[in-house]
Amino acid sequence: MSALAEILFGGLFQGSLYAMMAVGLALVWTTIGVFNFSHGVFMMLGAYVAWQLVELGLPAAVAFPVAVVVMAGVGWILQASVVRPLIGRPNIVLVVVITTLAAGSLIENGALTIWGPRSKQIPALIDGNATIGGVGVSLHQIAIIVITPLILAALWMFLNRTRLGLALRAVAQNEDASHLVGLNVTALYGLAFAIAASLAGLAGIFMGGYRFMSPVMGSDPLLKALIVVVFGGISSISGPIFAAYLIGFFEAACSYYFGLYWTPALLFGVLILTLMVRPEGIFASRSRGLA
Amino acid sequence: MNPILTVESVTAGYGRVTVLHDISLEAGRFGNVGLFGPNGHGKTTLLRAISGLLKPKSGRILFDGQDVAGLSARAIVGTGLIHVPQGNRLFPDLSIADCMALGAYSSRARPHEAENREKVIKLFPKLAERWRQRVRTLSGGERQMVSIGTALMSHPRLLILDEPTLGLAPKIKDELCASVMDISRGGVPLIVVEQDIEFLLELTQQLYLVNHGAVATEIKPGESLDHGEIMSMYFGH
Ligand SMILES: Nc1ncnc2c1ncn2[C@@H]1O[C@H](COP(=O)(O)OP(=O)(O)O)[C@@H](O)[C@H]1O
Ligand SMILES: [Mg+2]
């Protein structure tokens, strides 16, 4: 009983964080057709901005939403500076890998300079602990497990039930046709990045509430998010969400039965197997579309 | 009548390749305009330059007196100049309903959304039956209907069609030609690129033969030619 509860809980929790990260990567890929390698840095920056605002005396209930909005702006600016100028180039996918990696590295070192290497922590969403099914869990983690699906559902509603969301899905499918119905394609690209960055920032705030933060805290989640989107298929929003939870459960089960040490190896084993069976799931098929 | 669209010495191309060489033409003085000519000679490129998908290197494009050369495609849609591109690739994973909503996206078209939707459904009743179906699941003819329907949702003052009947079976093609005639009778001026000369002769009052990125011949009303003469213009001088 307690084994099952532990795996279930661990899977839901990790899956939530992965989903928050992966959805942003997938959103940017489907709309613009590029991989954003500064996505992990968005996560880190969201956490540090929240920390700074709390340090300045803002209550968490204000600081966290403000940090998320700040991250939307950061995402927009990053898109305008290192992605938009390259749109239309034939080798854009590779070039953007390099420019976003470079921008991410600059921001990471900027954070190190501004905030220093000492680990920090931000307040939990909710303080306290509970015991469920014989497993001790923090209320912060439970809050994350509950809030994440709500946010993902809101994103889904936005994409599928609003005209602006429709426009984002349209740009994802056919850029020329989007221009010809009068969509502001550049603004929609900015919006995709802004949403992705806020979601990553929120994931950072979630993470900073139960683990120590450091300027490199985003690199492992970025790697995991990449695995999730590769595994789940990249051309939609729902694929990565399911994959995120699946991988969350897989990791939780692995670390329960085989230990934390073996988990990454097993995860990559599964990933490689997936790629062997469905190689077209990755870069080859660039069919894009948000659903 | 004043021309609604004037293309003045437009040069345009892709990268270092120049496709349009100083091309000039006028539309709307006599009615609908047809463009024809061999493949790969710049008809699509001209339409892309007109609708702002491609920035001309030089020249002017006057739409209702306003120079739109160099404006964004979005701004040009905002003036009511609407372009249905070649090949109806559209939005494969959106439904017909979604495409129609996108057609009415511009602030100019939004107030007319309901009225234009009625028109589209009246023109293409087949679309109503498949309203919630994804575009990728439609036949070629239906996809072309969605393309044209989306453009009508944009409340066009001038409608540009690039090879609307390309690749359609004869029966479907006839239906589509009839619908395009209906649109014209409804008062929307047209510029149509088409391989089917018979259709162009029926639909348009003025023809341009585009060859090597320039106008090789202009055929004005009263100078109507027969099919054979046009074929000889195509293939030899
Ligand atoms: N995206 C593009 N990039 C480079 N060259 C292009 C592109 N599109 C068309 N061309 C070239 O421009 C020329 C004119 O093409 P196009 O305007 O499509 O002709 P048409 O519509 O008359 O068949 C052709 O030689 C074609 O190869
Ligand atoms: Mg063409």
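Worth saying up front: this structure is predicted, and the values here are computed from it rather than measured.

The rules behind each value
- Residues numbered from 1 in each chain as written.
- Chains lettered and ligands numbered in written order.
- Predicted model: local features only at pLDDT ≥ 70, side-chain atom pairs only at ≥ 80, totals over all residues.
- Heavy atoms only, no water.
- Helix = DSSP H or I, 4+ residues; strand = E, 2+ residues; numbered from the N terminus.
- Rg over C-alpha atoms; globule rule 2.2 N^0.38 Å.
- Buried < 20%, exposed > 50% of the residue type's maximum accessible area, 1.4 Å probe, protein only.
- Contact = heavy atoms within 4.5 Å.
- Lys, Arg positive; Asp, Glu negative; His and termini not counted.
- Charge placed at Lys NZ, Arg CZ, Asp CG, Glu CD.
- Patch = residues over 30% accessible without salt bridge, like charges linked within 9 Å, V, L, I, M, F, W, Y side chains within 5 Å.
- Areas by Shrake-Rupley, 256 points an atom, 1.4 Å probe, with all protein chains shown as cover.
- Salt bridge = Lys/Arg side-chain N within 4 Å of Asp/Glu carboxyl O.
- Buried area = accessible area lost by both parts, 1.4 Å probe.
- Polar contact = N/O pair within 3.5 Å; in protein donor to acceptor, adjacent residues only side chain to side chain.
- Nonpolar A, V, L, I, M, F, W, Y, C, P; charged D, E, K, R; others polar.
- Pairing = 2+ DSSP bridges.
- Donors = N, O, S within 2.8 Å, 3.2 Å for Na, K, Ca; no water.
- Near = heavy atom within 4 Å.
- Phe/Tyr/Trp six-rings, centres within 6.5 Å; stacked < 30°, edge-to-face > 60°.
- UniProt positions renumbered as here; feature names shortened; annotations may be inferred.
- pLDDT = per-residue confidence, 0-100.

**A word on the overall build of chain B**
Each helix and strand in chain B was counted, giving 9 helices and 10 strands. Over its C-alpha atoms chain B spans a radius of gyration of 17 Å, differing by no more than 12% from the 18 Å that the globule rule assigns to 237 residues. For chain B, with 237 residues in total, the buried portion stands at 54%. Within chain B, residue pairs in contact and separated by at least 24 positions form 68% of the contacts whose partners lie at least 6 positions apart. The centroid of the 25 positive side-chain charges in chain B is displaced by 9 Å from the centroid of its 25 negative side-chain charges.

**Some thoughts on a nonpolar patch on the surface**
A contiguous nonpolar surface patch, about 610 Å² in accessible area, is contributed by Leu223, Phe268, Ile272, Leu273, Met276 and Val277 of chain A. Broken down by element, the residue count for the nonpolar patch peaks at 5 residues, all from helix 11 (residues 263–277) of chain A.

**A look at the interface of chain A and chain B**
Contacts between the two partners involve 18 residues from chain A and, on the opposite side, 24 residues from chain B. Note on chain A versus chain B: buried area summed over both sides is about 2000 Å², and carbon and sulfur give 60% of it. Contact with chain B buries area across many residues of chain A, yet Arg163, Leu180 and Val181 of chain A alone supply 36% of it, more than any other trio. Linking chain A to chain B there are 3 salt bridges. Salt-bridge contacts for arginine 48 of chain B lead to aspartate 176 of chain A; the nearest nitrogen and oxygen are separated by 3.0 Å. Linking chain A with chain B are 5 residue pairs in polar contact (both at pLDDT 80 or more), by the criterion used here. Broken down by secondary-structure element, the contributors of at least two residues to the side of chain A that touches chain B are helix 6 (163–173) and helix 7 (175–180) of chain A. Counting residues per element, the side of chain A that touches chain B draws most heavily on helix 6 of chain A, at 7 residues. Grouping the amino acids of the side of chain A that touches chain B by side-chain chemistry returns 8 nonpolar, 6 polar and 4 charged.

**Observations concerning the pairing of strand 4 (residues 58–63) of chain B**
All names here are of chain B. Across 5 bridges, strand 1 (residues 5–14) lies against strand 4 in antiparallel orientation. Counted as the bridge partner of threonine 6 is leucine 62 from strand 4. Note: strand 4 against strand 5 (residues 66–67), 2 bridges, orientation antiparallel. Each residue of the ladder has a partner; that of leucine 62, found in strand 5, is aspartate 67.

**Things to note about the coordination of the magnesium ion (ligand 2)**
All names here are of chain B. At the metal site, the magnesium ion (ligand 2) is ligated by Thr44 (OG1) and Gln86 (OE1), and these contacts range over 2.0 to 2.2 Å. In this pair, threonine 44 is assigned in helix 1 (residues 43–50) and glutamine 86 in the loop between strand 6 (81–84) and helix 3 (96–103), connecting sequence segments 42 residues apart. Look at threonine 44 and you get partly exposed, because its relative accessible area is 26%. Here glutamine 86 falls in the partly exposed class, since its relative accessible area comes to 32%.

**Structural notes on helix 1 of chain B**
Residues and elements named next belong to chain B. When you tally the buried positions in helix 1, you get 7 out of 8 residues, the bulk of the element. Among the residues of helix 1, those classed as buried are Lys43, Thr45, Leu46, Leu47, Arg48, Ala49 and Ile50. Glycine 52 lies just past helix 1 and shows a positive phi near 90 degrees.

**Regarding the site of ligand 1**
Residue and element names in this part refer to chain B. Taken together, Tyr14, Val19, Pro38, Asn39, Gly40, His41, Gly42, Lys43, Thr44 and Thr45 form the complete shell of residues around ligand 1. For ligand 1, an oxygen atom lies 3.1 Å from a polar atom in the backbone of glycine 42. A distance of 2.7 Å separates an oxygen atom of ligand 1 from a polar atom in the side chain of threonine 44. Burial of ligand 1 by the protein chains amounts to 57% of its free accessible area of 560 Å². Top contributing element to the shell around ligand 1 by residue count: helix 1, with 3 residues. When grouped by side-chain class, the residues that make up the shell around ligand 1 number 3 nonpolar, 6 polar and 1 charged.

**As for the packing of aromatic side chains**
Residue and element names in this part refer to chain A. On inspection of all chains with the given rule, the structure shows 6 aromatic pairs over all chains. When the ring of phenylalanine 13 is compared with that of tyrosine 210, the centres are 4.9 Å apart and the planes differ by 75 degrees; the resulting orientation is edge-to-face. With phenylalanine 13 in helix 1 (residues 2–32) and tyrosine 210 in the loop between helix 8 (185–208) and helix 9 (219–232), this pair connects stretches of sequence that are 197 residues apart. Where tryptophan 29 meets phenylalanine 35, the ring centres are 5.2 Å apart and the plane angle is 25 degrees; that geometry is what we call stacked.

**Notes on the UniProt feature "transmembrane region" (unreviewed entry) in chain A**
With numbering aligned to this structure, UniProt lists the feature "transmembrane region" (unreviewed entry) at residues 7–29, 61–80, 92–116, 137–159, 187–210, 222–250 and 256–277 of chain A. Structurally, residues 187–210 of chain A is divided into 92% helix and 0% strand, and its ends, taken at the C-alpha atoms, are 35 Å apart.

**Observations regarding the confidence of the model for chain A**
Residues at a pLDDT of 70 or more form 95% of chain A, whose mean pLDDT is 90. Confidence drops under pLDDT 50 across residues 281–288 of chain A; counting only partners more than four residues distant or on other chains, this segment forms 21 contacts.

**Section: the environment of leucine 25 of chain B**
All names here are of chain B. Assignment of secondary structure puts leucine 25 in strand 2 (residues 17–27). Classification of leucine 25 as buried rests on a relative accessible area of 7%. Separated by 15 residues in sequence, leucine 25 and valine 10 have C-alpha atoms that sit 9.5 Å apart. The residues touching leucine 25, leaving out its near neighbours within four places in the chain, are Leu5, Thr6, Val7, Leu35, Leu46, Tyr208 and Val215.

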